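Single-letter residue listing:
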Amino acid sequence: MTQPPRPQDAMTHCLEELRAALALHGIALPSLGLDLPTFAGTYAPPAGLVSLGNCNAATARALTAVLRRAAP
């Protein structure tokens, strides 16, 4: 019998998609991960949080530049 996907599985997929999209622009957030304690709660809908974590100033500037280029 197949088990339904867990919220953690969907969030892990989201996290990997974000990591891949950032990598396309040469950006890596070393602390990027799932905020595991949020999966213990009873939030509706059940979902956790993605922790973007810390980054150095060069990475923050690169991320800012990418977001500005993408803005309308």
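From a predicted model like this one, the values you see are computed outputs, not experimental measurements.

S.K.: Help me understand the overall build of the chain, please; the structure alone is not making it clear to me.
M.R.: Along the chain, the regular secondary structure elements total two helices and two strands. Order of helices (α) and strands (β) in the chain, N terminus to C terminus: α-β-β-α. The 72 residues of the chain split such that 17% are buried. The contacts in the chain between residues at least 6 apart in sequence include a share of 43% that link residues at least 24 apart. Accessible area of the chain: about 5600 Å², with a carbon and sulfur share of 62%.

S.K.: Explain the pattern of salt bridges to me, please; I cannot follow it from the model alone.
M.R.: Here the idea is simple: oppositely charged side chains can pair when their charged atoms come close. Taken as a whole and assessed by the stated rule, the structure comprises one salt bridge. For Glu-16, the salt bridge identified is with Arg-19, shortest N-O distance 2.8 Å. Note that Glu-16 and Arg-19 are positioned in helix 1 (residues 7-24) at a spacing of three residues, about one turn of the helix. In this structure Glu-16 comes out as partly exposed when scored by relative accessible area, which is 39%.

S.K.: Whenever I open this one, the environment of Thr-38 confuses me. Can you help?
M.R.: The topology assignment puts Thr-38 in the loop between strand 1 (33-35) and strand 2 (49-51). Assessed through its relative accessible area of 10%, Thr-38 is described here as buried. Residues Thr-38 and Leu-49 lie eleven residues apart in sequence; the distance between their C-alpha atoms is 6.3 Å.

S.K.: What's the story with the confidence of the model for the chain in this structure? I'm lost.
M.R.: In low-pLDDT segments, the atomic positions of the prediction should not be examined closely. Of all residues in the chain, 86% attain a pLDDT of 70 or more, and the chain-wide mean is 85. Highest mean pLDDT in the chain belongs to helix 2 (residues 57-70) (94); lowest belongs to strand 2 (86).

S.K.: Quick question: what am I supposed to make of the side chain of Thr-59 here?
M.R.: If you trace the backbone, Thr-59 turns up in helix 2. Classification of Thr-59 as buried rests on a relative accessible area of 15%. Once residues within four sequence positions are removed from consideration, Thr-59 is found in contact with Ile-27, Ala-28 and Leu-29.

S.K.: What's the story with the environment of Asp-35 in this structure? I'm lost.
M.R.: Its location among the elements puts Asp-35 in strand 1. Its relative accessible area of 28% is what places Asp-35 among the partly exposed residues. Spatially, the C-alpha atom of Asp-35 lies 6.6 Å from that of Gly-48, the residues being 13 residues apart in sequence. Excluding residues within four positions of it along the chain, Asp-35 makes contact with Leu-49 and Ser-51.

S.K.: Explanation requested: helix 2 in the structure shown.
M.R.: Every α-helix winds through 3.6 residues per turn, so residues three or four apart in the chain are directed the same way. Over its 14 residues, helix 2 extends 20 Å from the first C-alpha to the last, a length consistent with the 20 Å expected when each residue adds 1.5 Å. For helix 2, the N-terminal cap is Asn-56; the gap from its side-chain oxygen to the backbone nitrogen of Ala-58 is 3.2 Å.

Thresholds applied
- Residues numbered from 1 in each chain as written.
- Predicted model: local features only at pLDDT ≥ 70, side-chain atom pairs only at ≥ 80, totals over all residues.
- Heavy atoms only, no water.
- Helix = DSSP H or I, 4+ residues; strand = E, 2+ residues; numbered from the N terminus.
- Buried < 20%, exposed > 50% of the residue type's maximum accessible area, 1.4 Å probe, protein only.
- Contact = heavy atoms within 4.5 Å.
- Areas by Shrake-Rupley, 256 points an atom, 1.4 Å probe, with all protein chains shown as cover.
- Salt bridge = Lys/Arg side-chain N within 4 Å of Asp/Glu carboxyl O.
- pLDDT = per-residue confidence, 0-100.
- Expected span 1.5 Å × (residues − 1).
- Polar contact = N/O pair within 3.5 Å; in protein donor to acceptor, adjacent residues only side chain to side chain.

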